[in-house]
Amino acid sequence: MGFSWFLLLFITLFFQLINPTLSANGNSDLIQQTCKNTKYYDLCVSSLKSDSSSLKADSKLGLALIMVRVGMANATATNSYISSQILSVKNDTAPMRKVMRECADKYAFANDALQNCVQDLSSELYDYAYMHVMAAADYPNACRNAFKRNPGLVYPQELAVREEGLKHICDVVLGIIDALGF
């Protein structure tokens, strides 16, 4: 009787130890296969592999949802960055404060659009999900344009880098949604 309990415990532990390995290899293949459909393969693979929940994803839809969360994190971080920069703007530069507030709002809207995308993907409304991702990718353009409308204001390089990052993430999400076959 003691031997059978030991054997059962050993078998259970053995399968628990090898199962994550099998799952990780299977998901690595799913990640690579899914990312081949995107414009930025390396960004897609590195983003998905850095998120531990991708090991549990069993479909392209699951990976799309993870990438949308990456985009939401990017938009939220950029909104927070811009908000912190507003505090450091000198009082005599009211136009800069106004433009920075507008930019913070645009990144908040991008985050909202990506949240709507999550709901759309969960409801298998892929055309609406696609539309919301396109909107999220376009909100940073409104920020850049706000700087262009105000002569004398220079678009900060840090915002340009963050804008490009969000656009690339959104391009990856769009590639995955395309692969879902809506």
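Computed from a prediction, not measured in an experiment: that's the story for all the values here. (Residues numbered from 1 in each chain as written. Predicted model: local features only at pLDDT ≥ 70, side-chain atom pairs only at ≥ 80, totals over all residues. Heavy atoms only, no water.)

### Description of the environment of Thr-34
And then number 1: Considering the arrangement of structural elements, one finds Thr-34 in helix α1 (residues 2-35).
And then number 2: Along the backbone, Thr-34 and Ile-177 are 143 residues apart, and their C-alpha atoms lie at a distance of 9.9 Å.
And then number 3: Apart from residues lying up to four places away in sequence, Thr-34 is in contact with Lys-60, Leu-63 and Ile-176.
And then number 4: Here Leu-30 takes part through its backbone oxygen, which lies 2.7 Å from a polar atom of the side chain of Thr-34. (Helix = DSSP H or I, 4+ residues; strand = E, 2+ residues; numbered from the N terminus. Contact = heavy atoms within 4.5 Å. Polar contact = N/O pair within 3.5 Å; in protein donor to acceptor, adjacent residues only side chain to side chain.)

### Comments concerning the packing of aromatic side chains
And then number 1: Enumeration according to the criterion identifies two aromatic pairs in this entry.
And then number 2: Considering the side-chain rings of Phe-147 and Tyr-155, the 5.3 Å spacing of their centres and the 70° angle between planes classify their relative orientation as edge-to-face.
And then number 3: Judged by its relative accessible area of 2%, Phe-147 falls in the buried class. (Phe/Tyr/Trp six-rings, centres within 6.5 Å; stacked < 30°, edge-to-face > 60°. Buried < 20%, exposed > 50% of the residue type's maximum accessible area, 1.4 Å probe, protein only.)

### Looking at the packing of helix α3 (residues 60-88) against helix α6 (residues 157-180)
And then number 1: In the contact formed by α3 and α6, the axes pass within 9 Å of each other and the chain directions differ by 165°. Taken together, the axes of α3 and α6 are roughly antiparallel relative to one another. Crossing handedness for the pair α3 and α6: left-handed.
And then number 2: In terms of residue class, the contact of α3 with α6 is built from 18 nonpolar, four polar and three charged. (Axes fitted to C-alpha atoms, helices over the stretch in contact; angles between N-to-C directions. Parallel < 35°, antiparallel > 145°, perpendicular 65-115°, else oblique. Left-handed = near helix turned anticlockwise from the far one by under 90°. Nonpolar A, V, L, I, M, F, W, Y, C, P; charged D, E, K, R; others polar.)

### Concerning unusual backbone geometry
And then number 1: Phi is positive for Glu-124, close to 60°, though the residue is something other than glycine.
And then number 2: On the secondary structure map, Glu-124 appears in the loop between α4 (94-122) and α5 (126-148).

### Section: the confidence of the model for the protein
And then number 1: When the pLDDT values of the protein are averaged, the result is 86; 84% of them are 70 or greater.
And then number 2: Per-residue pLDDT stays below 50 along residues 1-25; that stretch engages in two contacts with residues further than four places along the chain or on separate chains. (pLDDT = per-residue confidence, 0-100.)

### Some thoughts on the state of the cysteines
And then number 1: For the coordinates displayed, the defined rule picks out two disulfides.
And then number 2: The disulfide partner of Cys-35 is Cys-44, and the gap between their sulfur atoms is 2.0 Å. The sign of the -70° torsion about the S-S bond sets the Cys-35-Cys-44 disulfide as left-handed. There is no split in this pair, since Cys-35 and Cys-44 are both buried.
And then number 3: Residue Cys-103 pairs covalently with Cys-143 via a disulfide, S to S 2.0 Å. Measuring handedness by torsion sign, the sulfur bridge of Cys-103 and Cys-143 sits at about 95° and is right-handed. Here the residue Cys-103 occupies a position in helix α4, and Cys-143 occupies one in helix α5, the gap between them amounting to 40 residues. The same class applies to Cys-103 as to Cys-143, namely buried.
And then number 4: What connects to what in the protein, once the bonded cysteines are numbered by sequence position, is 1-2, 3-4.
And then number 5: Between Cys-117, a cysteine without a disulfide, and Cys-170, which holds the nearest cysteine sulfur, the sulfur-to-sulfur distance is 8.6 Å. (Disulfide = S-S within 2.5 Å.)

### Side note on the pattern of salt bridges
And then number 1: Enumeration over the complete set of coordinates arrives at five salt bridges.
And then number 2: A salt bridge links Asp-171 to Lys-39, with the shortest nitrogen-to-oxygen separation between them at 3.9 Å. Placement of the pair is Asp-171 in helix α6 and Lys-39 in the loop between α1 and α2 (41-50), with a sequence separation of 132 residues.
And then number 3: Here Lys-167 makes a salt bridge to Glu-163, at a shortest N to O gap of 2.8 Å. With Lys-167 and Glu-163 both in helix α6, this residue pair falls four residues apart, about one helical turn.
And then number 4: Judged by its relative accessible area of 24%, Lys-167 is partly exposed.
And then number 5: Relative accessible area serves as the criterion here: at 3%, Glu-163 is assigned to the buried category. (Salt bridge = Lys/Arg side-chain N within 4 Å of Asp/Glu carboxyl O.)

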